[in-house]
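Residue-level listing of the chains:
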Amino acid sequence: RARLPELAEEWLNTMAEAGVQPTVFSYSSAILAHAKLGQAKEAERLFRRMRASGVSADTVALNAVIEAHGRAGNAHQAVAWLDRARAGEFGIELDCISYTIVISALGKQNMGQHALRLWKEIQARNISADI
């Protein structure tokens, strides 16, 4: 399992070398592999690489970066990425999962008041809570 991120990136590189443009699904899979191990810097690097290559990010890719920060214990960075998305930086529509990942990260770091504010925002925005 620890080699999954490395293998996913090797696959992205192999695709590029063969002249095949990786898709958002390819990038998201590699980003998620890093996220599962809490490798936030690597997840961010791939997210930037994806966008620099002209591939538009989607909610899955963004949520993977947010999750990487949550798993790494970087609740403040998870919030920062959520805030950047809310400000429209990525042109991505947030979903309930986006907020839930951040709420979970905040809860693990005893930041319950901030988590509660986000939960109330989900309710106020009428974001479907399909969790």
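Everything quoted here is computed from the prediction, not taken from an experiment. (Residues numbered from 1 in each chain as written. Predicted model: local features only at pLDDT ≥ 70, side-chain atom pairs only at ≥ 80, totals over all residues. Heavy atoms only, no water.)

### Some points on the packing of helix α5 (residues 75–86) against helix α6 (residues 96–108)
When two helices pack together, you describe them by how their axes are tilted relative to each other and by the distance separating the axes.
Consideration 1: Direction vectors running N to C along α5 and α6 enclose 155 degrees, while the axes themselves pass 9 Å from each other. One element, α5, and the other, α6, form an angle in the roughly antiparallel class. You can see that α5 and α6 cross each other, and the crossing is left-handed. Contacts from A75, A78, V79, L82 and R86 in α5 reach S98, Y99, V102, A105 and L106 in α6. (Axes fitted to C-alpha atoms, helices over the stretch in contact; angles between N-to-C directions. Helix = DSSP H or I, 4+ residues; strand = E, 2+ residues; numbered from the N terminus. Parallel < 35°, antiparallel > 145°, perpendicular 65-115°, else oblique. Left-handed = near helix turned anticlockwise from the far one by under 90°. Contact = heavy atoms within 4.5 Å.)

### Some remarks on the nonpolar core
Note that soluble globular proteins tend to have their nonpolar side chains buried in a common cluster.
Consideration 1: Core analysis: the largest hydrophobic core is formed by 39 residues, its most contacted members being I31, F47, M50, L62, I66, V102 and L106.
Consideration 2: Elements that contribute at least two residues to this core include exactly α1 (4–17), α2 (24–36), α3 (40–52), α4 (59–71), α5, α6 and α7 (112–124).
Consideration 3: When neighbours within four sequence positions are excluded, F47 is seen to be in contact with I31, A57, A61, L62, V65, W81, F90 and I92. (Core = buried A, V, L, I, M, F, W, Y, C linked by side-chain atoms within 4.5 Å. Buried < 20%, exposed > 50% of the residue type's maximum accessible area, 1.4 Å probe, protein only.)

### Considering the side chain of N63
Consideration 1: One can find N63 in helix α4.
Consideration 2: Separated by 3.2 Å, the side chains of N63 and D95 make a polar contact.
Consideration 3: What N63 contacts, discounting residues up to four positions off in sequence, is D95, I97, S98 and I101. (Polar contact = N/O pair within 3.5 Å; in protein donor to acceptor, adjacent residues only side chain to side chain.)

### Concerning α7
Consideration 1: When the terminal C-alpha atoms of α7 are compared, their 18 Å separation across 13 residues agrees well with the 18 Å that a helix rising 1.5 Å per residue should span.
Consideration 2: Taken together, the buried positions of α7 are A115, L118, E121 and I122. Within α7, the buried residues cover an arc of 115 degrees as seen down the axis, which keeps them to one side. Exposed positions of α7 whose direction lies more than 90 degrees from the buried face are Q113, R117 and A124.
Consideration 3: Buried residues belonging to α7 abut α5 and α6.
Consideration 4: Phi turns positive, to about 60 degrees, at N126, one or two residues after α7. (Expected span 1.5 Å × (residues − 1). Arc of directions from axis to C-beta.)

### Here we look at the packing of α2 against α3
Consideration 1: As a packed pair, α2 and α3 sit with axes 8 Å apart at the nearest point and diverge in direction by 170 degrees. The orientation of α2 relative to α3 falls into the category roughly antiparallel. Note on packing geometry: the crossing formed by α2 with α3 is right-handed. From α2, V24, Y27, A30, I31 and H34 reach across to α3, where they touch E42, A43, R45, L46, F47, R49 and M50.
Consideration 2: Considering only residue class, the contact of α2 with α3 consists of eight nonpolar, one polar and three charged. (Nonpolar A, V, L, I, M, F, W, Y, C, P; charged D, E, K, R; others polar.)

### So, unusual backbone geometry
Consideration 1: For N110, which is not glycine, the phi dihedral falls at a positive 55 degrees.
Consideration 2: Structurally, N110 is set in the loop between α6 and α7.
Consideration 3: Notably, N126 is not glycine yet its phi reads approximately 60 degrees, a positive angle.
Consideration 4: Checked against the element boundaries, N126 lands in the segment after α7.

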